[in-house]
Amino acid sequence: MRIIYFGTPDFAVESLDAIMQSRHEVAAVVTVPDRQAGRGQKVIFSAVKDYALEHNLPLLQPEKLRDPEFLATLASYNVDCFVVVAFRMLPEAVWAMPRLGTFNLHASLLPRFRGAAPINWAIMQGERETGVTTFLLNHKIDEGAILLQERTPIAADETAGSLHDRLAAMGRTLVVRTLDGLQAGTLTPQPQQGGPCPAPKIFKDDCRIDFTRTCDEVDRHVRGLAPYPAATMTLVNPDGEEVLFKVFEVSLEKAEKTSPGTLICDGKKVIKVATADGFVRIITLQMSGKRKNNVEDFLRGNSLNGWKLAL
């Protein structure tokens, strides 16, 4: 089949590469416009654009998806199907265009974890299983009929980063299987069954660690945001200045009596914070304006004497 591929980040590159290595043809790629970032306002390409340029694929970067010129260009390719992986919501004028419709790869077992951050929320909420789903687009976000799903357990030490990579690898296989099934006419779209669970975009407040919760809950929170955007805690230095820290890894110490939020630091090897049922010992962290470090290296160059957790 001839397809047009819509995608943006690294997660989407895996499936694009799989289609390129299959018997199907990528007629064009659609990704976000270039952006400027950093002090020098350097132009940044999406990961999907980098891949498309490397493989000489026709590339479209519309500012507006309803732009008549963009819609006319899409139609001119006369493809069988659109494939969407980690892109923005498409208007009906786009997703209804191909003869076999448009399907999306989502990094969860829909209807569980509909939304922009399914990998993060699955870990933070303590799910034991997740997976990838291909489904047909319709008017509602992540609510279309399911084509295929594949499941995988979530390991006890899983991070968002490790799960991201595993689901991307699973997704590349599922996308090609979905294209094969659509072409052969062997797939029957099934309505989503069961209660939905939201997985909204992660904001700054979502990253803040709540040390009044249990050790296990704090651990899931940290792993679910590692390595990006990273869980955070704010400490107050002896001068009363608040300093933000990113926390990437912790270990757990259960205890019967604690005062949640108490900061303990021996100045050499240990930084830990009391929770509802023990302590979380910080393993890897990054102070605002500094490099990411393990605790021992951090404490060689920094003192937390007199510091407290911000309330």
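Look up a bit, the structure's there.
So, a few notes on the structure that sits alongside this text.

Reading the values: rules and limits
- Residues numbered from 1 in each chain as written.
- Predicted model: local features only at pLDDT ≥ 70, side-chain atom pairs only at ≥ 80, totals over all residues.
- Heavy atoms only, no water.
- Helix = DSSP H or I, 4+ residues; strand = E, 2+ residues; numbered from the N terminus.
- Buried < 20%, exposed > 50% of the residue type's maximum accessible area, 1.4 Å probe, protein only.
- Contact = heavy atoms within 4.5 Å.
- Areas by Shrake-Rupley, 256 points an atom, 1.4 Å probe, with all protein chains shown as cover.
- Lys, Arg positive; Asp, Glu negative; His and termini not counted.
- Charge placed at Lys NZ, Arg CZ, Asp CG, Glu CD.
- Core = buried A, V, L, I, M, F, W, Y, C linked by side-chain atoms within 4.5 Å.
- Salt bridge = Lys/Arg side-chain N within 4 Å of Asp/Glu carboxyl O.

1. Re the overall build of the protein
- Scanning the protein for helices and strands turns up nine helices and 16 strands.
- With respect to the three principal axes, the spread of C-alpha positions in the protein is 65 × 45 × 30 Å.
- Counting the 311 residues in the protein, one finds 47% classified as buried.
- Look at the contacts in the protein between residues 6 or more apart in sequence, and 63% of them connect residues 24 or more apart.
- When the accessible surface of the protein is summed, it comes to about 15800 Å², and 49% of that surface belongs to carbon and sulfur atoms.
- Taken together, the 36 basic and 37 acidic charged side chains of the protein have centroids lying 2 Å from each other.

2. Regarding the nonpolar core
- Counting residues in hydrophobic clusters, the biggest one holds 73 residues, and the most contacted among them are Tyr 5, Ile 19, Val 83, Leu 179, Met 233, Phe 245 and Ile 271.
- For this core, the element with the most residues is helix α6 (residues 160-184), which contributes ten residues.
- With residues up to four places along the chain from it excluded, the contact list for Val 83 reads Ile 3, Ile 4, Tyr 5, Phe 6, Ile 19, Phe 103, Val 175 and Leu 179.
- Grouped together as the second largest cluster of nonpolar side chains are 21 residues, Ala 27, Leu 60, Val 84 and Phe 135 included.

3. A few points about the pattern of salt bridges
- One pass over the structure, following the stated rule, counts 17 salt bridges.
- Residues Glu 158 and Arg 166 are paired through a salt bridge, measuring 2.7 Å at the closest nitrogen-oxygen approach.
- By relative accessible area, Arg 166 is classed as partly exposed at 31%.
- The partner of Glu 217 in a salt bridge is Arg 213, and the shortest N-O contact between them spans 3.1 Å.
- A relative accessible area of 24% means that Glu 217 is categorised as partly exposed.
- Classification of Arg 213 by relative accessible area gives partly exposed; the value is 42%.
- Connected via shared salt-bridge partners are Glu 14, Asp 17 and Arg 172.

As far as function goes, none of this settles anything; it's purely spatial.
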